[in-house]
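Coordinate analysis (summary)
Each chain, letter by letter, is given below.
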Amino acid sequence: MSVTTPKGFRAAGVTAGLKSTGARDVALIVNDGPDATVAAVFTSNRVKAAPVLWTQQVVRGGVVRAVVLNSGGANACTGPLGFQDTHSTAERTATALSRSNSRLLIGASEVAVCSTGLIGERLPMDRLLPGIGSAVRALARSGGPAAAEAIMTTDTRPKTTVAAGTGWTVGGMAKGAGMLAPGLATMLAVLTTDAVAGSAALDEALRAACRRTFDRVDSDGCMSTNDTVILLASGASGIEPSQEELTATVTAACHDLAQQLVADAEGATKQIAIEVFGAATEDDAVEVGRSVARNNLVKTALFGNDPNWGRILAAVGTTAAAFEPDGLDVAVNGVWVCRSGTAADDRSKVDLSGRDVTIQVNLNAGDERATVWTNDLSHAYVHENSAYST
């Protein structure tokens, strides 16, 4: 259940001293396969961290042999010196890997870099660069779980996945517990596959997968500066799947990771699926789902076990989606508390005692649908994020 489940990959997670806790904080994923194709999607935030700017350039080359990731610092809003730190990270990784294996001669332009942590501070390079050397020495086929642990920040547990194709596999890891309101990506995720696939095929599969998984996780309406999802293909299985199978399997892996992100959202007591159907377009359905997901009055009501459907209708009404107000139906955990824009079944029948909540909204305007996933807004979320930097 990790990024090293597909053939052709090694990984490591080590402690470099970036975190005051002494926990693992540097991860390395290496592609040893006959192929080294890549695709990636990034945050659409206009304020992008140095590792995002670097990795965007690297991915354009179509070949990535290694991904080095650190927690304990985002290296965002750090100016030209921060970008140079990212460049130095890639150079040190390439040099260390080439020295460790004469058959794996790579340059910095084949190394993707990801960082996560507090925004606005430069990384302690005197600790990070030696940590890269330690990670190279620790590389192993069994290193996936340690790598997933090393990218955690406020996460309470590592997040890994495996999805099986026909004779080939997709593996993955992700981190994220807050700032989950992405555009194409969500915090940091690395996916690997031993399928034979060119960069164009990987790009098509990854974008389709992210559109319906990571891009529909909307925990708190806050988009990160560092969001990156990378998909690496080693070709080690020797099997080239159809585009349809590749997309379906990558989507399955992304969906699993996305659900783990929502389940670990900071301080959450509810995991909420907002299912919008009867929409005129899929975009309308997504817009409505996202509006409900980002509505703090809805989120606090659910934290208090209150099926306040009036707040849901008010959130729907802020969108530009096609619908008639007197045609809206809303259910909470299977109880249709609102029909035709007015009160229906007794709201006291709604059971909100468990963690899982499903909100259904029927716009009665068409045949399209979409699901957006979010969580409630709790006291613990406010505390954790107010005390985050200290």
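Please refer to the structure higher up on the page.
What you are looking at is a predicted structure, and each value in this text was computed from that prediction instead of being measured.

What follows concerns the side chain of N45. One can find N45 in the loop between β3 (37-42) and α1 (50-60). The contact partners of N45, leaving out residues within four places of it in the chain, are M223, S224 and T225.

It is worth spelling out the nonpolar core at this point. Counting 55 residues, the largest nonpolar core has L28, I29, V67, L69, L97 and M173 as the members making the most contacts within it. In this structure, L69 is in contact with D25, V26, A27, I29, C114, I151, M173, L188 and V190, ignoring residues within four places of it in sequence. Core analysis: the second largest hydrophobic core is formed by 32 residues, A285, L302, C338 and L352 among them.

Consecutive side chains of a regular strand alternate in pointing toward one face of the sheet and then the other. When you tally the buried positions in strand β8 (residues 188-193), you get six out of six residues, the bulk of the element. Of the two faces of β8, the one holding L188, V190 and T192 and the one holding A189, L191 and T193 are both buried throughout. Relative to β8, strand β7 (residues 169-175) runs antiparallel, the two sharing six bridges. Looking across to β8, one finds that A174 is bridged to A189. Crossover handedness for the path β8 to helix α5 (residues 199-212) to strand β9 (residues 228-233): right-handed.

Attention shifts here to the pairing of β9. Among the six residues of β9, six are classified as buried, and the element is accordingly described as predominantly covered. Note that β3 and β9 share six bridges and pair antiparallel. Opposite V38, over in β9, you have L232 as the bridge partner. Looking at chain direction, β8 and β9 are connected through six bridges and run parallel. Residue L188 lies in a different strand from β9, and its bridge partner there is T228.

Turning our eyes to something else, we now look at helix α6 (residues 243-263). Compared with an ideal rise of 1.5 Å per residue, which puts 21 residues at 30 Å, α6 spans 30 Å between its outermost C-alpha atoms and is within 8% of the ideal. Among the residues of α6, L246, T247, T249, V250, A253, C254, L257, A258, Q259, L261, V262 and A263 are the ones counted as buried.

Okay, the environment of D283 next. Its place among the elements puts D283 in helix α7 (residues 282-293). Owing to a relative accessible area of 57%, D283 belongs among the exposed residues under this scheme. Taking C-alpha positions, D283 is 13 Å from F323, a pair spaced 40 residues apart along the chain.

Reading across the sheet, the four strands line up as β1-β2-β4-β5 and stay open at both edges, with mixed pairing between neighbours. Strands at the two margins of the open sheet, each flanked by one partner only, are β1 (9-14) and β5 (111-115). Sheet twist, expressed as the mean angle between neighbouring strand axes with direction ignored, is 10°. As defined by bridge partners, strand β4 (residues 66-70) adjoins β5 across five bridges and the pair is classed as parallel. Across the sheet, residue N70 finds its bridge partner in β5, namely S115. Running over the sheet, helix α2 (residues 79-100) touches β2 (26-31), β4 and β5 and is turned about 130° from β5. Helix α3 (residues 125-138) rests against β1, β2 and β4 of the sheet, and its axis sits at about 135° to β1.

The rules behind each value
Residues numbered from 1 in each chain as written. Predicted model: local features only at pLDDT ≥ 70, side-chain atom pairs only at ≥ 80, totals over all residues. Heavy atoms only, no water. Helix = DSSP H or I, 4+ residues; strand = E, 2+ residues; numbered from the N terminus. Contact = heavy atoms within 4.5 Å. Core = buried A, V, L, I, M, F, W, Y, C linked by side-chain atoms within 4.5 Å. Buried < 20%, exposed > 50% of the residue type's maximum accessible area, 1.4 Å probe, protein only. Pairing = 2+ DSSP bridges. Right-handed = clockwise from strand over helix to strand, strands pointing away. Expected span 1.5 Å × (residues − 1). Axes fitted to C-alpha atoms, helices over the stretch in contact; angles between N-to-C directions.

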